[in-house]
Amino acid sequence: MYARRRRGYFLLMGGCVLLFVSAWAVVRLWSVPVAVGMCFVAMVIPPLAAMFANARGPEDRWWDDPSGDPKSDEWWDELDGKKRRSQ
């Protein structure tokens, strides 16, 4: 799960760098407004990449990890309806 998010983040950031570099190395020779537009598109990508990299999927169960405090864990389990039965 983390590898998939990390790979997606680096692909988005790689696309961002590619847009910036190609805009000012190649595209500006033909059209400066198009190069500026490419930079504006590239400017939006880093926040989206950060949101994508920090998004948790349905398989990421961070909210019910035990805290280490048995009393607190018991209280939260009871609150969530996951009362454990001693056997």
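Residues numbered from 1 in each chain as written. Predicted model: local features only at pLDDT ≥ 70, side-chain atom pairs only at ≥ 80, totals over all residues. Heavy atoms only, no water.

Trainee: Sorry if this is basic, but what is going on with the packing of aromatic side chains here?
Mentor: The description of an aromatic ring pair uses the distance of the two centres, along with the angle that the planes make with each other. A complete count under the given rule lists one aromatic pair for this structure. Arranged with centres 5.4 Å apart and planes meeting at 70°, the rings of Tyr9 and Phe10 form a pair that is edge-to-face. Here Phe10 falls in the exposed class, since its relative accessible area comes to 54%. (Phe/Tyr/Trp six-rings, centres within 6.5 Å; stacked < 30°, edge-to-face > 60°. Buried < 20%, exposed > 50% of the residue type's maximum accessible area, 1.4 Å probe, protein only.)

Trainee: How should I be thinking about the nonpolar core in this particular structure?
Mentor: Soluble globular proteins: nonpolar side chains tend toward being buried together. Counting five residues, the largest nonpolar core is built from Ala23, Val27, Ala35, Met38 and Cys39. By residue number, the principal contributor to this core is helix H2 (residues 32-54), which donates three residues. Leave out the neighbours within four places in its chain, and Ala23 touches Arg28, Ala35, Met38 and Cys39. (Core = buried A, V, L, I, M, F, W, Y, C linked by side-chain atoms within 4.5 Å. Helix = DSSP H or I, 4+ residues; strand = E, 2+ residues; numbered from the N terminus. Contact = heavy atoms within 4.5 Å.)

Trainee: Whenever I open this one, the environment of Ser31 confuses me. Can you help?
Mentor: Note on placement: Ser31 falls in the loop between helix H1 (2-25) and H2. What makes Ser31 partly exposed here is its relative accessible area of 22%. Here the side chain of Ser31 touches Val34 through a polar contact of 3.4 Å, landing on its backbone nitrogen. (Polar contact = N/O pair within 3.5 Å; in protein donor to acceptor, adjacent residues only side chain to side chain.)

Trainee: Just to check I follow, could you spell out the side chain of Arg5 for this structure?
Mentor: Tracing the sequence through the fold places Arg5 in helix H1. Engagement of the side chain of Arg5 in a polar contact is seen with the backbone oxygen of Ala55, the distance being 3.1 Å.

Everything listed here is a matter of coordinates, which is why it stays silent on function.
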